[in-house]
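Understanding the architecture of this molecule
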Amino acid sequence: MDERILYHGKIQAFIRKTKIWREFQKGSDLVYFLKQTLDKEFLQVCQNDADLWYQKIQKKIPKLVCLSLYDPKYPKLLKEIYDPPIVIACLGNTDLFSYHLTSIVGTRKASPISLLATDVLVDSMKHIEKLGIVSGMALGIDRKAFLAALDRQIPVLGVLGTTIELQYPPGNRDLYKRVQKDDASLLMTEFLMYTEPAKWTFPKRNRVIAGLSERVYIMESGKKSGTLSTALSAINENREIYVFDHPSQFDNAGGKKLILDGAEKLELKGLPIQQPRQGSSVSILNSESDLEEMQVKDKMPLEVEMISFDEWRRQFVESIL
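Residues numbered from 1 in each chain as written. Predicted model: local features only at pLDDT ≥ 70, side-chain atom pairs only at ≥ 80, totals over all residues. Heavy atoms only, no water.

Counted under the stated rule, the structure contains 7 aromatic pairs. For the pair Trp 53 and Tyr 54, a centre-to-centre distance of 6.4 Å together with 50° between the ring planes defines the contact as tilted. Both residues of the pair, Trp 53 and Tyr 54, count as buried. An angle of 25° between the planes, with centres 5.3 Å apart, marks the rings of Tyr 217 and Tyr 242 as stacked. Within this pair, whereas Tyr 217 is found in strand β7 (residues 215–218), its partner Tyr 242 is found in strand β8 (residues 240–244), the two being separated by 25 residues in sequence. For the pair shown, Tyr 217 and Tyr 242 are each scored as buried. Here the guanidinium or amino end of Lys 19 rests over the ring plane of Tyr 82, the centre of that ring lying 4.1 Å away. (Phe/Tyr/Trp six-rings, centres within 6.5 Å; stacked < 30°, edge-to-face > 60°. Buried < 20%, exposed > 50% of the residue type's maximum accessible area, 1.4 Å probe, protein only. Helix = DSSP H or I, 4+ residues; strand = E, 2+ residues; numbered from the N terminus. Lys NZ or Arg CZ within 6 Å of the ring centre and 35° of its normal.)

And the structure:
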């Protein structure tokens, strides 16, 4: 029996429930404890299942790497959360775990202004050294954050709510391919043996997104949006939270509630104060951004006080393509 037994969901459930992982410094010591504690036949079945899964996945994805809590490359911030994944499956650049990781998340049904703000936010971060953008590989804000980052050669870390071989949602298959082709980026999941997307998998994914990150940016969130579970995890883990709020958003009731509860409001230069009408001009926000507090080297490109609607629309359309 070896440490691959830790890949099995039933073994992981026992370890999480008892919190026994906290008592050991090495995976081999934990496995020895399991051998002395649990039924031998049960353990053997779990070991066989884990071995079979690993053999199949290695043939399908030979570059896949599995890291346990005890591996030196396991992300330090993630290990500090209340309920860290026992094992994570990684495809790509695991050195990214040592970068300054920042999460950008939001609703799948994002409003145009939130998509534009996401692009502006990522652009403001492009000169920060060893920065990685974390998100959940969903549609909407997650997708926009990753496309904006990849366009600017910023590595991304996609946290999945399924097993690594599933590309969910199907509408993001092009994004999966692009992330996998980028040598600096990474896909990861705690769901090793086959797990389909389900309501319970995404809150677990969201706690990992928050756990990996130094900062979490909420770009738009409805009152019942799953994004709030990421925010709740970030609050529980004492992460910094910034919320974008704008009059032109479709539904940001959840984001507004977070601001009322003490989250920092994110203000960005280069955005219209309100949704413009045809033929009108648009005022530009000029308030100080939290990004300047991060000592970003360059200013946002839009420094003028007024722009025409046509110019704003051109910039917006380019930002979401």
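Here helix α3 (residues 40–60) is 21 residues long and its end C-alpha atoms lie 30 Å apart, about the 30 Å a rise of 1.5 Å per residue gives. Residues Leu 43, Cys 46, Gln 47, Ala 50, Asp 51, Trp 53, Tyr 54 and Ile 57 constitute the buried set of α3. Of the surrounding elements, those touching the buried residues of α3 are α1 (9–18), α2 (27–37) and β1 (65–68). Where α3 starts, the residue carrying a side-chain oxygen 3.1 Å from the main-chain nitrogen of Glu 41 turns out to be Asp 39. (Expected span 1.5 Å × (residues − 1). Contact = heavy atoms within 4.5 Å. Polar contact = N/O pair within 3.5 Å; in protein donor to acceptor, adjacent residues only side chain to side chain.)

Here we come to the environment of Leu 91. Tracing the backbone shows Leu 91 in strand β2 (residues 87–92). It is 8.4 Å that separates the C-alpha atoms of Leu 91 and Ile 61, two residues lying 30 residues apart in sequence. Discounting chain neighbours no more than four positions away, the residues touching Leu 91 are Ile 61, Lys 63, Leu 64, Ile 164, Gln 180, Ser 185, Leu 186 and Leu 187.

It is worth spelling out the nonpolar core at this point. Formed by 90 residues in total, the largest nonpolar core has its most connected members in Ile 133, Leu 157, Met 188 and Leu 212. Leaving out residues up to four positions away in the same chain, Leu 157 has contacts with Leu 96, Phe 97, Leu 101, Ile 133, Val 134, Ser 135, Phe 146, Leu 186, Met 188 and Leu 212. (Core = buried A, V, L, I, M, F, W, Y, C linked by side-chain atoms within 4.5 Å.)

With that settled, consider the state of the cysteines. Tallying each qualifying case throughout the model produces 0 disulfides. There is no disulfide at Cys 90, and the cysteine sulfur nearest it, in Cys 66, is 7.5 Å away. (Disulfide = S-S within 2.5 Å.)

Quick look at the packing of helix α6 (residues 141–151) against helix α7 (residues 173–181) now. Contact pair α6 / α7: the axes reach a minimum separation of 11 Å and the direction vectors enclose 35°. Helix-helix and strand crossings are classified by hand; for α6 and α7 the assignment is left-handed. Facing α6, whose interface residues are Arg 143, Phe 146, Leu 147, Leu 150 and Asp 151, α7 presents Asp 174, Leu 175, Arg 178 and Val 179. Partitioning the contact of α6 with α7 into residue classes produces 5 nonpolar, no polar and 4 charged. (Axes fitted to C-alpha atoms, helices over the stretch in contact; angles between N-to-C directions. Left-handed = near helix turned anticlockwise from the far one by under 90°. Nonpolar A, V, L, I, M, F, W, Y, C, P; charged D, E, K, R; others polar.)

This model, assessed by the stated rule, comprises 13 salt bridges. A salt bridge links Asp 95 to Lys 73, with the nearest nitrogen and oxygen atoms 3.5 Å apart. Taken together, the residues Asp 95 in the loop between β2 and β3 (100–105) and Lys 73 in the loop between β1 and α4 (76–79) connect sequence positions 22 residues apart. Here Asp 95 falls in the partly exposed class, since its relative accessible area comes to 42%. Judged by relative accessible area, which is 42%, Lys 73 ranks as partly exposed. (Salt bridge = Lys/Arg side-chain N within 4 Å of Asp/Glu carboxyl O.)

Here the focus is the sheet that holds strand β5 (residues 156–159). Adjacent strands of a sheet form backbone hydrogen bonds with each other and so pair up, either parallel or antiparallel. On the basis of which strands lie adjacent, the open sheet formed by 9 strands has the order β1-β2-β6-β5-β4-β3-β7-β8-β9 and mixed pairing. The sheet is open, and its two borders are formed by β1 and β9 (264–266), each paired with just one other strand. The mean inter-strand angle of the sheet, taken between neighbouring strand axes irrespective of direction, is 25°. As judged from the 3 bridges shared by β8 and β9, these two strands associate in the parallel manner. Opposite Phe 244, over in β9, you have Leu 266 as the bridge partner. (Pairing = 2+ DSSP bridges.)

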